[in-house]
Amino acid sequence: MSSREPIGVIGTGYVGLVTAVGFAELGSEVVCVDIDAAKIERLKAGDIPIYEPGLAELVEKNASRLTFTTDLSEALDRARLLFVAVGTPPTYSGDADLSAVHAVVAAMPPSDKHALVMKSTVPVGTGEAIKRVFEEQGKGGFRYVSCPEFLKEGSAIDDFLDPDRVVVGDDGGWAGDAVVDLYRPVLNAANGGQARGELVRTDIKSAEMVKLASNAFLATKISFINEIANVCEETGADVVEVARGMGLDDRIGPKFLKAGIGFGGSCFPKDVSALKQLAGNSGYHFQLLNAVIEVNELQKRRVIQKLQKHLGSLVGKRIALLGLAFKPETDDMREASSLVLSARLIADGADVVGYDPIAAEEAGRLLKGVELADSAAEAIAGADAVVLVTEWPEFKQLDLTATAEAMRGTVFIDGRNLLDPAAATAAGLVYEGVGRGLAPLADPSTRQAPAPQVA
Ligand code: UGA
């Protein structure tokens, strides 16, 4: 029996499963609770419902420490810390939908031996509101800790076990200390650990804000470099060189300076709007975030303009999309650029074929009117233009000469600057990346003025 504290994890999505298996790996018994009985049955059978590198192996390795159940009381009986990792999707207003969080709060019994530890991303002030609800419902002894999660899909296990920082926000009492103890092995020596993680021990509201502000800042970095890329296209500079030159400045850093066709996923779009909305609700107009969102929307649409520039009308043109997930190493299609791109292309009369090594099943459900290919080669064959949407490693290995031969046309839009422009051009492709100069027209007779940009 491990000396580590047992825990409960409520919600078995990305964050919940990774948190559960991460703490199990560190030695805790973990009771995972979800209201979705079918999902719990799958998990009990060892079938992991999401694609995340290393996750299935780690679940199997720690199977003896993991329990999956729909019964909350099992977690309450065996653990005092209940990590909450339920979804907080955006509502139509851009605010976060907290109904799943409130359902968890309502399900808690009165107790002075338990604490809710909030992993879900919630607006600043949520912890305070939950504490108020606990008081009103006669559950004032229930403790509350904010412990936001910073893991990235695709590298979630490493992010959990080797974090840059662990943020714990509480208002004193045993629960915050217990959460820090759980994280101790991944903290740095100054905080009693043997790893790299810095500890930020703070109040609940500041912890909640660290999470929103971090995601909003990273999204800002991406929209910033995307605007620089757009200016590079006008001026002939190469954004890859520019980003490298900028990133070598310690104060800027090289990460999240990859220009492309915009950010997607379940977090950045949602959290940027949530922070903008949170500011607006409290009377502050967060101007910068409006621009971050608008630039991101326009960035996807620039691909359409590039295609029109080379092909003229897109009616009847066969366009191949390589990569459909919002980023590589995940099957997550939430807010994926492929959703907007395919819908725009179809609206413009194009025939769209898509390929993704992992996300095909989910893509099939979401991408209406898109033909799904079983391989990149199948998608490319007969295409008038290819758009590289997601930078899956296998696309780096594309045989460019074979690609040019298999296509009907020659236009290759590299939405992630994955390929070498010189090699693509040498293979006979009309290559256009993002912020790397504009290619001469594929066929000057099809020249047309770019459409005006609208979000
Ligand atoms: C993001 C944050 O990076 C995590 O720290 C955070 O925990 C998570 O949101 C969350 O709030 O749950 P994630 O959405 O998994 O993680 O993916 P990222 O790797 O951050 O990528 C987000 C998007 O930005 C992707 O569409 C990616 O293609 C795009 N991106 C990223 C760029 O366009 N350029 C870059 O330089 C980096």
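Everything discussed here concerns the structure shown above.
Residues numbered from 1 in each chain as written. Predicted model: local features only at pLDDT ≥ 70, side-chain atom pairs only at ≥ 80, totals over all residues. Heavy atoms only, no water.

Let's shift gears to the site of the ligand. Close to the ligand lie 19 residues; Phe150, Leu151, Lys211, Asn215 and Cys267 are nearest. Between the ligand and the protein, one listed contact pairs an oxygen atom with a backbone N or O atom of phenylalanine 150 at 2.7 Å. Between the ligand and leucine 151, the relevant distance is 2.7 Å, taken from an oxygen atom to a main-chain nitrogen or oxygen of the residue. The fraction of the free accessible surface of the ligand (710 Å²) that becomes covered by protein chains is 91%. Contributions of two or more residues to the shell around the ligand are made by helix H9 (204–235) and helix H11 (268–281). Per-class residue counts for the shell around the ligand are nine nonpolar, two polar and eight charged. Built from parts of two domains, the shell around the ligand gets at least three residues from each of domain 1 (7–202) and domain 2 (238–446). (Near = heavy atom within 4 Å. Polar contact = N/O pair within 3.5 Å; in protein donor to acceptor, adjacent residues only side chain to side chain. Areas by Shrake-Rupley, 256 points an atom, 1.4 Å probe, with all protein chains shown as cover. Helix = DSSP H or I, 4+ residues; strand = E, 2+ residues; numbered from the N terminus. Nonpolar A, V, L, I, M, F, W, Y, C, P; charged D, E, K, R; others polar. Domains from an automatic or database assignment.)

So, about the sheet that holds strand E13 (residues 411–414). Pairing is parallel in the open sheet, where six strands are placed in the order E11-E10-E9-E12-E13-E14. Whereas interior strands pair on both sides, the edge strands pair on one side only; in this sheet they are strand E11 (371–372) and strand E14 (430–432). Inspection of the sheet shows E13 paired to E14 by three bridges, in the parallel sense. The residue of E14 that forms the bridge with phenylalanine 412 is tyrosine 431. Its contacts with the sheet put helix H12 (residues 287–311) on strand E9 (318–322), strand E12 (385–388), E13 and E14, and the angle it makes with E13 is roughly 165°. Contacting E9, strand E10 (351–355) and E12, helix H13 (residues 337–347) runs over the sheet at an angle of about 180° to E9. (Pairing = 2+ DSSP bridges. Contact = heavy atoms within 4.5 Å. Axes fitted to C-alpha atoms, helices over the stretch in contact; angles between N-to-C directions.)

Before going further, it helps to spend a moment on the nonpolar core. Grouped together as the largest cluster of nonpolar side chains are 50 residues, with contacts concentrated most on Leu307, Ile319, Leu345 and Val387. For this core, the secondary structure elements donating two or more residues are H12, E9, H13, E10, helix H15 (376–380), E12, helix H17 (400–406) and E13. Other than its neighbours up to four places away in sequence, valine 387 contacts Val303, Leu307, Ile319, Ala320, Leu321, Leu322, Leu341 and Ile413. Within the second largest apolar cluster, 42 residues are counted, among which are Leu17, Ala20, Leu43 and Val145. (Core = buried A, V, L, I, M, F, W, Y, C linked by side-chain atoms within 4.5 Å. Buried < 20%, exposed > 50% of the residue type's maximum accessible area, 1.4 Å probe, protein only.)

Along helix H6 (residues 126–136), the positions that sit buried rather than exposed are Thr126, Gly127, Ile130 and Phe134. Buried residues of H6, seen end-on, are gathered within an arc of 100° and therefore sit on one face of the element. Opposite the buried face of H6, by more than 90 degrees, sit the exposed residues Glu135 and Glu136. Contacts from the buried residues of H6 go to helix H5 (99–107), strand E5 (115–118), strand E6 (143–146) and H9. At the C-terminal side of H6, glycine 138 shows a positive phi close to 70°. (Arc of directions from axis to C-beta.)

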